[in-house]
Amino acid sequence: MKRAALALPLLSVLSLTTLTACGGGDGGSDAKTTAEPTATASQAKPAADPVKELTKLFVTKAEAPDYAVDEPAKGDAMAETQEDMSVDKAACAPLAYATNYLPLGDPEASVVHVAQDGTLAYNYITLATYAEGKAEAAMKGLAEAVSSCTAGYTAKSDKASTPYTSVKKETPFPDAAAAESIATASTVSYKGTQTMRTQTFRFGDTIVNYFSIDSSGFMKGQSSSAKVPTALVKAQNAKLH
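Residues numbered from 1 in each chain as written. Predicted model: local features only at pLDDT ≥ 70, side-chain atom pairs only at ≥ 80, totals over all residues. Heavy atoms only, no water.

*Asks:* Explanation requested: the pattern of salt bridges in the structure shown.
*Replies:* According to the stated counting rule, one finds seven salt bridges in the structure shown. Between Asp 106 and Lys 134 there is a salt bridge, and its shortest N-O distance comes to 2.9 Å. Taken together, the residues span a long stretch of sequence, with Asp 106 in the loop between helix 3 (93-98) and strand 3 (109-116) and Lys 134 in helix 4 (residues 134-148) at a distance of 28 residues. Given the relative accessible area of 46%, Asp 106 is considered partly exposed. Overlapping salt bridges, with partners in common, bring together Glu 136, Glu 180 and Arg 202 in one network. (Salt bridge = Lys/Arg side-chain N within 4 Å of Asp/Glu carboxyl O. Helix = DSSP H or I, 4+ residues; strand = E, 2+ residues; numbered from the N terminus. Buried < 20%, exposed > 50% of the residue type's maximum accessible area, 1.4 Å probe, protein only.)

Structure representation (structure tokens):
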């Protein structure tokens, strides 16, 4: 049947089909130089891989025993990069990124993992690291989006389109070590009201974004309201202090 289809993250579950079909020396003239030898490229210590460094920061099973934390399934995302997504209201783009577990702003590196507790709730954790000043700019963009997009917006990619009907600012987990924090609830109208939530924290030049969705509403044909688990936030944030 032909109808506008709702698409959300977890396309493997909430796909369009599912939702519509149901140096040098010292300069001396002596032949012998007394200058200290400079390190060659092969001797220099290799720069740390920012993706590997971020991956080490994800919470483990020992730290959050109620959750299995791993990489999302391939092809799970509505959009793989920011460039793959368009938003009808440009100011709302940071919200679209946050609710599709894409990094905010202009990061130097980012990594996503998903935490599950055996239910139909999915909790995506996006860690991103930034050059000086850019993490603050990313948080500012998100804060402006929350203020500008209360009436909703539509995010699209080649895979799908998601019309968000409302956005509301909420109170994030109280973490005194975080320089900034923002929490939101976004709704989508599909077989009732599906409410998704985010919590975003900045620790220096690192941002962690949590995005939670309860797919039971979509699967059972009833409203659902996801919550970002406090225990998960507490455990993950502790690794970023």
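*Asks:* In this structure, what is going on with the sheet that holds strand 5 (residues 153-156)? I would like to understand it.
*Replies:* Sheet strands pair via backbone hydrogen bonds, and the direction of the pair is either parallel or antiparallel. On the basis of which strands lie adjacent, the open sheet formed by three strands has the order 2-5-6 and antiparallel pairing. Because the sheet does not close on itself, it has two edges, and the strands there are strand 2 (86-87) and strand 6 (161-164). By the bridge criterion, four bridges tie strand 5 to strand 6 in an arrangement that is antiparallel. Along strand 6, the bridge assignment pairs Tyr 153 with Tyr 164. (Pairing = 2+ DSSP bridges.)

*Asks:* I keep staring at the pairing of strand 8 (residues 180-189) and nothing clicks. Help me out?
*Replies:* Strand residues, when the strand is regular, have side chains that alternate between the two faces of the sheet. In terms of burial, strand 8 is a largely internal element, seven of the ten residues being buried. Both strand 7 (residues 166-170) and strand 8 contribute to a ladder of five bridges, which runs antiparallel. Across the sheet, Val 167 pairs through a bridge with Ser 186, a residue of strand 8. For strand 8 and strand 9 (residues 193-203), the ladder comprises ten bridges, and the chain directions are antiparallel. What sits directly across from Ala 183, in strand 9, is Gln 199. Counting the residues between successive antiparallel strands, the hairpin from strand 8 to strand 9 contains three residues, one of them, Lys 191, with a positive phi of roughly 50 degrees.

*Asks:* How do you make sense of the packing of aromatic side chains when you look at a structure like this?
*Replies:* Any two aromatic rings considered together are summarised by their centre-to-centre distance and by the angle between their planes. All chains considered together, the criterion is met by five aromatic pairs. On the numbers, 4.7 Å between centres and 25 degrees between planes, the contact of Tyr 153 with Tyr 164 is stacked. In this pair, Tyr 153 is assigned in strand 5 and Tyr 164 in strand 6, connecting sequence segments eleven residues apart. Seen from their ring centres, Tyr 190 and Phe 218 are 5.8 Å apart, and the 25 degrees between their planes marks the pair as stacked. Remark: Phe 218 occurs in helix 5 (residues 216-220) and Tyr 190 occurs in the loop between strand 8 and strand 9; sequence separation between them is 28 residues. In this structure an aromatic cluster arises from ring pairing among Tyr 101, Tyr 124 and Phe 211. (Phe/Tyr/Trp six-rings, centres within 6.5 Å; stacked < 30°, edge-to-face > 60°.)

*Asks:* Honestly, unusual backbone geometry in this entry has me stumped. Any pointers?
*Replies:* Peptide bonds are trans in most cases, and residues, glycine excluded, mostly fall at negative phi. Residue Tyr 101 is not a glycine yet carries a positive backbone phi of 45 degrees. Structurally, Tyr 101 is set in the loop between helix 3 and strand 3. Residue classification places Tyr 101 among the buried positions, given a relative accessible area of 7%. Located in the positive-phi region is Lys 191, a residue other than glycine, with phi close to 50 degrees.

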